[in-house]
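# Per-entry structural report
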Amino acid sequence: MLESRISANDDEFCEGIRLLENGEHDRAEAYFQQRLDRDNPLVYYGLATARFKRDQISLTRDQTLELIDLYKKSMSKKPDFADSYLMCAMAYEQLASVLTREYKREPYDNQDKKIADIKSTLEEEKNLMDEAVRLNPGFQEIAESEIKAYENRINSLDYLKEYYNASRHLFN
């Protein structure tokens, strides 16, 4: 998925990108981890993406926030790197999933704050997705699919809150 607008200066990281593209996430993580001192946007992107793709199903809140930080470092070093915006949006979507699971485990504690946190996380996902498309219109199809999912998740949160409130008496 990596865009072709990476500069010739980034050729030294082709091996790490190849590892990512081949699904060798452990090796890609090690490759990019060893190069963190280079302070290069591809290093931050590659490290985050290796971890994200390997651990996506089992990521915790803290792990997801670490990925988001790495993508943000990549974006700060190369503000026109659309792939970083796209993957950061995906990481925010993952964070929303983690927050939703946490909410479902304890739906009556701080309910409004939890719902607001999930919605703001999804809003950040949408904003990053929009920026990724602005920077690389080739991401439009991915974004359209994600926007539909975003709208469904926002609506389901409202429904979930109503459900828990209506059934609260059953659990007390």
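Everything in this summary refers to the structure shown in the same document. Note that this is a predicted model, so its numbers are computed, not measured. Once a new chain begins, its residue numbering starts again from 1 and follows that chain's sequence as written. Predicted model: local features are reported for residues with pLDDT of at least 70 only, side-chain atom pairs are reported and counted for 80 or more only, and whole-chain, interface and lining totals are derived from all residues. Side-chain numbers come from the whole structure's heavy atoms, not from hydrogens or water.

### Some words on the packing of aromatic side chains
Paired rings are identified among Phe, Tyr and Trp, the last through its six-membered ring, by centres lying within 6.5 Å, and are further divided according to the angle between planes into stacked (under 30 degrees), edge-to-face (over 60) and tilted (the rest). Applying the stated criterion to the full structure yields six aromatic pairs. Ring geometry for Y103 and Y164: centres 5.6 Å apart, planes at 90°, overall edge-to-face. In this pair, Y103 is assigned in helix α5 (residues 82-105) and Y164 in helix α7 (residues 140-171), connecting sequence segments 61 residues apart. Partly exposed residues are those whose accessible area sits between 20% and 50% of the maximum for their type, while under 20% is buried and over 50% is exposed, using a 1.4 Å probe and protein chains only. The class for Y164 is buried, based on a relative accessible area of 12%. An angle of 80° between the planes, with centres 6.0 Å apart, marks the rings of Y108 and Y164 as edge-to-face. Of this pair, Y108 sits in the loop between α5 and α6 (111-135) while Y164 is found in helix α7, placing the two residues 56 residues apart along the sequence. Given the relative accessible area of 22%, Y108 is considered partly exposed. Among the aromatic residues, those joined into a cluster by ring pairs are Y103, Y108, Y163 and Y164. Put simply, a charge is over a ring when the Lys NZ or the Arg CZ is close to the ring centre, within 6 Å, and near the line of the ring normal, within 35 degrees. The ring of Y31 is capped by R35, whose NZ or CZ atom sits 3.6 Å from the centre of that ring. Every helix listed is a DSSP run of H or I at least four residues long, and every strand listed is a run of E at least two residues long, numbered separately from the N terminus.

### What about the packing of helix α1 (residues 14-21) against helix α2 (residues 25-33)?
Note on geometry: axes are C-alpha line fits, over the in-contact stretch for helices, and angles between N-to-C directions span 0 to 180 degrees. Where α1 meets α2, the closest approach of the two axes is 8 Å, and the angle between their N-to-C directions is 155°. Taken together, the axis directions place α1 and α2 in an arrangement best described as roughly antiparallel. Judged by the sense of rotation from one axis to the other, the crossing of α1 with α2 is left-handed. Residues E15, G16, I17, L19 and L20 of α1 form the contact with α2, whose own contacting residues are H25, R27, A28, Y31 and F32. A breakdown of the residues in the contact of α1 with α2 according to their chemical character gives six nonpolar, two polar and two charged. Should an angle fall under 35 degrees it is taken as roughly parallel, and over 145 as roughly antiparallel, whereas 65 to 115 is taken as roughly perpendicular and any remaining angle as oblique. Crossings are sorted by hand: turned counterclockwise from the far helix by less than a right angle, the near helix makes the crossing left-handed, and turned clockwise it makes it right-handed. We call two residues in contact when some of their heavy atoms are within 4.5 Å. In this count, Pro and Cys sit with the nonpolar residues alongside Ala, Val, Leu, Ile, Met, Phe, Trp and Tyr, while Asp, Glu, Lys and Arg are called charged and the others, Gly among them, polar.

### A look at unusual backbone geometry
Working note: non-glycine residues mostly have negative phi, and peptide bonds are mostly trans. The phi angle at D39 is positive, at roughly 50°, despite the residue not being glycine. Checked against the element boundaries, D39 lands in the loop between α2 and α3 (41-55). On the basis of relative accessibility, which here comes to 35%, the residue D39 falls in the partly exposed class. Of note, N110 is a non-glycine position whose phi angle comes to about 50°, a positive value. Following the sequence through the fold, N110 ends up in the loop between α5 and α6. On the accessibility criterion, N110 (58% relative accessible area) is exposed.

### Quick look at α6
Helix span, as expected, comes to 1.5 Å for every residue beyond the first. Its 25 residues give α6 an end-to-end C-alpha distance of 36 Å, which sits within 8% of 36 Å, the value for a rise of 1.5 Å per residue. Along α6, the positions that sit buried rather than exposed are Q111, I115, I118, T121, L122, E125, L128, M129, A132, V133 and L135.

### Some points on the nonpolar core
Nonpolar core, defined: a set of buried Ala, Val, Leu, Ile, Met, Phe, Trp, Tyr and Cys residues in which side-chain atoms within 4.5 Å join the residues together. In terms of nonpolar packing, the biggest core is built from 50 residues, with F32 and Y71 touching the most fellow members. Looking at this core, the elements that each hand over two or more residues are α1, α2, α3, α4 (61-77), α5, α6 and α7. In terms of residues, this core owes the most to one element, α5, which gives 13 residues.

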